[in-house]
Amino acid sequence: MEAKAVAKFIRVSPRKTRLVAQNVKGKPVEEALNILRFTPKKPAKILSKVLFSAVSNAEQMPGVDVDSLIVDNIIVNEGPTWKRIQPRAMGRAYRIRKRTSHITVVVKEM
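1. Some points on the sheet that holds strand β1 (residues 2-10)
Read from one edge to the other, the open sheet built from three strands follows the order β1-β5-β2, with strand pairing classed as antiparallel. Looking at strand neighbours, the two that pair on one side only are β1 and β2 (69-78), the edges of this open sheet. Neighbour-to-neighbour, the strand axes of the sheet open up by a mean angle of 15°, direction not taken into account. Bridging between β1 and strand β5 (residues 101-109) involves seven bridges; their strand directions are antiparallel. Each bridged residue has a counterpart across the sheet, and for I10 the counterpart in β5 is S101. Relative to β2, helix α1 (residues 14-21) is tilted by about 165°, and along the sheet it contacts β2 and β5.

2. Here's the deal with the environment of M1
Tracing the backbone through its elements, the reader meets M1 in the segment before β1. Not counting the four nearest positions on each side in its chain, M1 is found in contact with M61, V64, V107, K108 and E109.

What counts, and where the lines are drawn
- Residues numbered from 1 in each chain as written.
- Predicted model: local features only at pLDDT ≥ 70, side-chain atom pairs only at ≥ 80, totals over all residues.
- Heavy atoms only, no water.
- Pairing = 2+ DSSP bridges.
- Helix = DSSP H or I, 4+ residues; strand = E, 2+ residues; numbered from the N terminus.
- Axes fitted to C-alpha atoms, helices over the stretch in contact; angles between N-to-C directions.
- Contact = heavy atoms within 4.5 Å.

Structure (structure tokens):
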């Protein structure tokens, strides 16, 4: 059985989030949570929350053993980009792109 959790419009770059997500894909849930706990990057905390939510969703299904769950897939898609302007010298303006992410975590039984 599969269970998933989705977090949308998360204020972190998708490229940076994918780097952290590669470390836990295919691992058992307990090991994945330990890896994320000791990863010193902003996306690690966000991914651990989404992973914990997916595990909680799996608990609601009848006959699912939470200890045998593995991280089946982590999908990090690009969300909308916030566009901001930073004033520069001689009347110019630079565009700042603040990127967002849509994160989907799928867990399944071994």
